[in-house]
Every structure is written in structure tokens, then in C-alpha cells.
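# Structural description and commentary
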Amino acid sequence: MSLNKDGSYTGFIKVQLKLVRPVSVPATKRVPSLQRGPGPRTQGVKRRTSFYLPKGTVKHLHILSHTRASEVIDALLRKFTVVDNPRKFALFERSEKDEQVYLRKLADEEQPLRLRLLAGPSEKVLSFVLKENETGEVNWDAFTLPELHNFLRILQREEEEHVRRLRHRYARCRQKMQEALATHTPG
């Protein structure tokens, strides 16, 4: 950490990304324009592609002492060119005590570098984790139409797989009962 002339300081924080859902990044594709005119013309079509960040992804950020948690989230999303709404994510303070792990969601105005300085250098005492913002209530307005359609497709696949497994289980039970009935003769 280094002290600035104005009394603030700069330093690095380490943030582990523990995201369960995929993130969206821009994928611009050039398509021919429908306009007629001299020479080929193209125009950009805004598209998104989604992918899962690798497990255990860690990013070091160089920030100021007055940088807020919401600004850290924005900076992390910019570093990975994630175009999802920053409100879908939250920064958590992670600490270990007596072999127990505790997570606390940081308020938007909290200053992670100050917390890091107060806690000392041990990552067991304090580290930072970026996770999905789990408020219990899903903010569907924060999603784009393609994302919502994708969720519906995923739910449909999960439902079909669940029904397939149930049918398979009941078919096995039915087969075992029929085998048991076949081995027992009435009498």
C-alpha cells in the first residue's frame, strides 16, 4: 500500500469470483446491410454470448482507499468485459474463525481497501468474494429478453430430465413388482 499526498492510500485487493451462473460478454457480429449502395456495407448487430467463469478465478485490483464496494464490482465486470447488470452481483467479506467460514455481504458504500488494512494481511481474517446477489427475490427486470428465453429453455430441459428420471424409477419398480408376482404362484 502507498500513501498519497491527500491522505488517501492505494493498494491491491484480491477478489475470488465464485459465480454459479454464466456471465454475458459482448459478441459483435458483422452482417450485411439491407441498404443498397456502392460497395459492400456492414452494420454491427449487438449480440451477447454467455459462459461460465472457471472455478477459483481470482483477480487482483489496484484501488484507492475511498473506492466503494459497488465500484469494485463495476471494475471486476469491466476487467472481464461482462455486460450483465452490476446489481446482479454482490461483494462479500469472507472470514474464517475456529474452522468456520463466515460470509458477509458488503454494503455498496463500504470501502474494501480500508477493511483490508484494518484486518491485516491474513486472508483467513479477511478476503473478498464476488458472488451473485442473492436477495431471495429475483429481479426479472434486470435480465434481457434473450436471457429470459434462455432461462425458460433451461427450465424446460430440467423439467424433462426430472420427468425422465421419475418415469425410469417407476418403470424399475413396476418391473420388480411384476417379477415378484411372476415368481409367486397363487395358492
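Residues numbered from 1 in each chain as written. Predicted model: local features only at pLDDT ≥ 70, side-chain atom pairs only at ≥ 80, totals over all residues. Heavy atoms only, no water.

## Here's the deal with the nonpolar core
Within the largest apolar cluster, 23 residues are counted, with the highest numbers of intra-cluster contacts made by Ile 13, Val 15, Val 72 and Leu 91. Secondary-structure elements contributing two or more residues to this core are strand S2 (9-17), strand S7 (57-64), helix H1 (69-79), strand S8 (89-97) and strand S10 (127-132). Per-element accounting of this core gives the leading share, 6 residues, to H1. Not counting the four nearest positions on each side in its chain, Val 72 is found in contact with Ile 13, Val 15, Leu 61, Ile 63, Thr 67, Leu 91 and Pro 112. (Core = buried A, V, L, I, M, F, W, Y, C linked by side-chain atoms within 4.5 Å. Buried < 20%, exposed > 50% of the residue type's maximum accessible area, 1.4 Å probe, protein only. Helix = DSSP H or I, 4+ residues; strand = E, 2+ residues; numbered from the N terminus. Contact = heavy atoms within 4.5 Å.)

## Thoughts on the pairing of S2
Relative to S2, strand S1 (residues 2-3) runs antiparallel, the two being bridged by 2 bridges. What sits directly across from Ser 2, in S2, is Thr 10. Connecting S1 to the antiparallel partner S2 that follows it, the hairpin turn spans 5 residues, and Gly 7 within it adopts a positive phi of roughly 95°. As paired elements, S2 and S7 share 8 bridges and run antiparallel to each other. (Pairing = 2+ DSSP bridges.)

## Thoughts on the pattern of salt bridges
If you walk through the whole model with that rule in mind, you get 10 salt bridges. Here Asp 108 ties to Arg 87 by a salt bridge, and the two come within 3.7 Å at their closest N and O atoms. Within this pair, whereas Asp 108 is found in the loop between strand S9 (100-105) and helix H2 (112-119), its partner Arg 87 is found in the loop between H1 and S8, the two being separated by 21 residues in sequence. For Asp 108, a relative accessible area of 40% corresponds to the partly exposed category. Judged by relative accessible area, which is 63%, Arg 87 ranks as exposed. In this structure, the salt-bridge partner of Glu 93 is Arg 104, at a minimum N-O distance of 3.2 Å. With Glu 93 in strand S8 and Arg 104 in strand S9, the pair connects residues that are 11 residues apart, well separated along the chain. Each of the salt bridges in this network shares a partner with another, and the network as a whole consists of Asp 84, Lys 88 and Glu 147. (Salt bridge = Lys/Arg side-chain N within 4 Å of Asp/Glu carboxyl O.)

## Here we look at the packing of aromatic side chains
Per the stated rule, a full pass over the model turns up 1 aromatic pair. Centre to centre, the rings of Phe 143 and Phe 151 are 4.9 Å apart; their planes meet at 80°, and the pair counts as edge-to-face. A relative accessible area of 18% means that Phe 143 is categorised as buried. When the ring centre of Phe 80 is taken as reference, the NZ or CZ atom of Lys 59 above it lies at 5.7 Å. (Phe/Tyr/Trp six-rings, centres within 6.5 Å; stacked < 30°, edge-to-face > 60°. Lys NZ or Arg CZ within 6 Å of the ring centre and 35° of its normal.)

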